[in-house]
Amino acid sequence: MEQLLSGYVIYSLAFLLIFISLATLLHLQFSLAGIVNFGVVGFWGLGMYSFSLLLVKGKVPFVLAVILACMITGIVSWILGRIILNLDDQAVLVGTLAFATIIEYLSTSEKWLTNGVMGLGTVNFPFNFGKKSLLVYSLILLVFTVLLMLYTYKLKKSPYGRLLLSISDNEKLSQSLGKSTFRQKNIFFTFTCALIGFFGAMAAPLYSFIFPRMIGSGVTFTIWIALMLGGRKRLFGGLIGVIATIGLFDYVIETVIPIPTQYAEIVPNIKFCVYGLMLILVLMFRPFGILGDKKMEIVK
Amino acid sequence: MTFSLFTSTALVLGLLEAAPLVLAAIGFTLIFRLNGFTNVAYAENITLGAYFAVIFNSMFGWNFYAAIIPSALLSGLFSVLTYLVIFRPAFKRGVGKTELIILSVGLSFFVRYGSRLIFGNDLFNFTFDNPSYLSAFGIGITSIQITCIALVVVISLGIYFFIYRTNYGERMRALADNENLAMISGINPTKVSILIWFIAGAAGGLAGVFYGAFSFVSPSLGYNLILIIIMVTIVGGVGSVRGSLAASIGVGIITSAVTLLSKPLYGQVVLLILFIGILKLRKVRI
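Residues numbered from 1 in each chain as written. Chains lettered and ligands numbered in written order. Predicted model: local features only at pLDDT ≥ 70, side-chain atom pairs only at ≥ 80, totals over all residues.

A.B. asks: How would you explain the overall build of chain B if you had to name every residue and give the values?
C.D. replies: Each helix and strand counted, chain B has 11 helices and 2 strands in total. Across its three principal directions, the C-alpha atoms of chain B cover 60 × 50 × 35 Å. Looking at chain B residue by residue over its 286 residues, the buried ones come to 50%. In chain B, of all internal contacts separated by at least 6 residues, the share reaching a separation of at least 24 is 76%. (Helix = DSSP H or I, 4+ residues; strand = E, 2+ residues; numbered from the N terminus. Buried ≥ 20, exposed ≤ 12 C-beta atoms within 10 Å, placed from the backbone. Contact = placed C-beta atoms within 7 Å.)

Written as structure tokens, this is what we have:
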């Protein structure tokens with residue numbers, strides 16, 4: 001039992017929690033505010049790198065480093081939002097994708113800061129309970145994930161949630177009702193991106209060493225496929241989707257099915273190939289994912 | 001490095017960089033103009049074009065120039081296949097513009113990692129018969145690079161002529177502008193669309209072949225270029241073949257100039273930052 005709690009299972013669950021949170025945040029951005037963020041990994045990586053740099057090179061305390069990393073991600077996303085959020089969907093998509101690519105390039109090229117491909121480390125847990133450290137840290141992550149889900153649930157029922165929904169539904173109409181849609185979108189974008197940065201910072205101790213290849217476009221894509229598969233309109237869409245994709249592939253298949261070592265390197269290829277196929281099938285035959293679309297409740 | 005040497009190096013390297021980009025941008029623009037969405041899966045067209053040429057060149061032992069023709073045809077066919085199997089049904093189902101892009105990303109991943117399963121993660125090089133080394137403005141250049149640039153010029157002029165001067169080009173532009181009106185005028189939308197997707201795919205495949213000829217062929221060849229291609233088409237004015245031509249040459253020269261001045265990745269970073277700024281300045285609907 002002791003071994004189980006400090007080992008691979010807990011580690012896997014902690015990562016699932018991180019990705020479930022990211023998918024839920026993407027659900028907020030895409031389904032509620034209508035922001036097509038294809039640079040999730042950019043904000044995630046920015047949070048992760050700025051946190052690790054502050055902690056390892058700046059010797060800043062853990063909690064302060066997390067807060068500062070959130071603020072850095074928030075400020076950068078606010079600036080990006082100012083530039084692209086009042087353009088149409090395709091421009092937002094390409095703009096955020098370009099942003100994520102910039103972050104990935106910089107993490108590789110700025111060797112003096114990030115050690116480039118050598119990796120940045122070591123990022124330790126903020127406490128030391130011996131073998132139980134991982135378990136305690138995962139429980140903290142669980143608390144944050146549950147809080148995020150609760151927030152999402154509450155937000156969708158609140159007037160502010162309806163304002164965001166009205167913007168994504170019909171921005172012109174919302175403007176004509178006197179809402180400053182661009183400003184609201186940008187505030188919400190900044191807030192959610194800062195949270196993505198937060199989960200990036202929280203993921204760093206799990207990796208303990210940070211490499212540029214961790215923040216490749218595959219992460220963004222995985223989160224998107226998870227959300228689209230699970231159900232982009234639903235609160236639990238991200239959760240179901242992450243379990244059905246990352247949970248199934250990275251953990252169940254790779255742990256349960258013994259893969260001969262000579263085939264080990266083709267497993268990621270098969271994985272992304274199947275992800276791509278899944279995304280195509282979902283969009284063609286079940287556009288709202290496994291959970292489907294729920295009719296909006298009429299607010300009395 | 002003197003200023004004149006710097007300028008000529010930037011120009012020559014920039015033109016080399018731009019040559020395949022011109023083809024890719026033209027093909028991408030054609031699909032964008034016709035169907036109005038950013039086709040990310042176009043990246044795989046480029047990669048597959050290069051792989052087809054590798055098959056003919058390295059495995060069958062064909063001459064490099066002879067391998068170009070079947071690879072262009074095959075990548076054109078692949079493009080038509082994606083249109084008929086994925087995108088046309090999606091249009092019919094009324095999938096939204098944003099969802100179409102996500103769909104094309106899915107297709108892109110499917111094909112990219114599918115081709116990795118077939119070709120492996122290795123890099124490939126083309127084999128050339130006795131290339132000769134020349135010098136242009138004091139910069140070393142191979143005869144292959146010169147031939148490729150000449151081919152790019154001929155092919156892009158051909159496509160340009162086709163779109164702006166022939167009957168089929170006119171039909172395509174009519175279909176892009178107003179589908180219903182075009183259909184009333186007796187234009188068969190499926191036929192014209194298939195033709196356009198074929199030309200776009202062939203152009204993309206050729207771009208991949210030339211990129212591979214200048215450096216090497218890797219599974220992420222196309223995907224590494226797609227952002228730059230999207231950027232070029234936006235900067236060049238969306239749907240304008242002429243604009244893309246000018247913009248790709250500009251982009252090539254800027255990248256090589258920045259790369260000469262600093263580290264290789266900075267060229268890309270500067271371009272992307274410029275690009276985000278341009279998105280804002282032009283406020284174009286892409």
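Structure's up, so let's keep going.
A.B. asks: Got a sec to walk through the overall build of chain A? Specific residues and values, please.
C.D. replies: Along the backbone of chain A there are 13 helices and 2 strands. The C-alpha atoms of chain A give 19 Å as radius of gyration, which agrees with the globular expectation for 300 residues (19 Å, within 12%). Dimensions of chain A, computed from C-alpha atoms along their principal axes, come out at roughly 55 × 45 × 35 Å. Buried positions account for 47% of the 300 residues belonging to chain A. For chain A, the share of sequence-separated contacts (at least 6 apart) that also reach a separation of at least 24 residues comes to 78%. (Rg over C-alpha atoms; globule rule 2.2 N^0.38 Å.)

A.B. asks: Lay out helix α2 (residues 8–32) of chain A with the relevant residues and their values.
C.D. replies: Since one α-helical turn is 3.6 residues long, residues separated by three or four positions face the same way. Residues and elements named next belong to chain A. In a regular helix each residue adds 1.5 Å, so 25 residues correspond to 36 Å; α2 covers 35 Å between its end C-alpha atoms and thus fits that length. The buried fraction of α2 amounts to 19 of the 25 residues, a majority that puts the element mostly inside the structure. Looking one or two places after α2, you find G34, whose phi comes out positive at around 70°. (Expected span 1.5 Å × (residues − 1).)

A.B. asks: If you had to explain the interface of chain B and chain A to someone new, which residues and values would you point to?
C.D. replies: Counting residues at the interface gives 37 residues for chain B and 36 residues for chain A. When residues of the side of chain B that touches chain A are traced back to their parent elements, those giving at least two are α3 (64–92), α4 (97–119), α9 (221–235) and α11 (264–282) of chain B. Element by element, the count of residues in the side of chain B that touches chain A is highest for α4 of chain B, at 15 residues. A per-class count over the side of chain B that touches chain A returns 24 nonpolar, 5 polar and 8 charged. (Nonpolar A, V, L, I, M, F, W, Y, C, P; charged D, E, K, R; others polar.)

A.B. asks: Give a description of the packing of helix α13 (residues 267–285) of chain A against α4 of chain B that names residues and reports values.
C.D. replies: One way to put it is that α13 of chain A packs onto α4 of chain B with a least axis distance of 7 Å and a crossing angle of 150°. As summarised for this structure, α13 of chain A and α4 of chain B are arranged roughly antiparallel, according to the angle between their axes. Remark: the crossing between α13 of chain A and α4 of chain B carries left-handed chirality. Between α13 of chain A and α4 of chain B, the residues in contact are N269, I270, F272, C273, Y275, G276, L277, L279, I280 and L283 of chain A and E99, I102, L103, G106, L107, F109, F110, Y113, G114, R116 and L117 of chain B, respectively. (Axes fitted to C-alpha atoms, helices over the stretch in contact; angles between N-to-C directions. Parallel < 35°, antiparallel > 145°, perpendicular 65-115°, else oblique. Left-handed = near helix turned anticlockwise from the far one by under 90°.)

A.B. asks: Could you give an account of the nonpolar core, naming the residues involved and the relevant values?
C.D. replies: With 181 residues, the main nonpolar core has I18, F19 and L22 of chain A together with L206 of chain B as its most contacted residues. For this core, the element with the highest residue contribution is helix α1 (residues 3–35) of chain B, accounting for 15 residues. Apart from residues lying up to four places away in sequence, F19 of chain A is in contact with I223, A226, V242 and I246 of chain A. (Core = buried A, V, L, I, M, F, W, Y, C linked by C-beta atoms within 7 Å.)

A.B. asks: Any details on the packing of α1 of chain B against helix α8 (residues 189–214) of chain B? Residues and values, ideally.
C.D. replies: For any two helices packed against each other, one specifies the crossing angle of their axes together with the interaxial distance. Residues and elements named next belong to chain B. Where α1 contacts α8, the axes come no closer than 8 Å and their chain directions differ by 160°. On the basis of the axis angle, α1 is roughly antiparallel to α8. In this structure, the crossing between α1 and α8 has a hand that is left-handed. Its residues placed into classes, the contact of α1 with α8 shows 19 nonpolar, 4 polar and no charged.

A.B. asks: Break down unusual backbone geometry for me, citing the residues and quoting the values.
C.D. replies: Residues other than glycine predominantly adopt negative phi, and peptide bonds predominantly adopt the trans conformation. Residues and elements named next belong to chain A. Residue K59 is not a glycine yet carries a positive backbone phi of 55°. Relative to the assigned elements, K59 resides in the loop between α3 (40–57) and α4 (62–84). The class of K59 is exposed, set by 8 C-beta atoms lying within 10 Å. With phi around 65°, S208 is a residue other than glycine that occupies positive phi space. Judged by C-beta crowding, with 13 C-beta atoms within 10 Å, S208 ranks as partly exposed.

A.B. asks: Residues and numbers for the environment of I228 of chain B, please.
C.D. replies: Residues and elements named next belong to chain B. Residue placement: I228 occurs in helix α9. Since 23 C-beta atoms lie within 10 Å of it, I228 is described here as buried. For the pair formed by I228 and A203, sequence separation is 25 residues and the distance between their alpha carbons is 16 Å. When sequence neighbours within four positions are dropped, the list of residues in contact with I228 reads L21, V251 and L271.

Without other data, these values stay purely geometric and don't point to any function.
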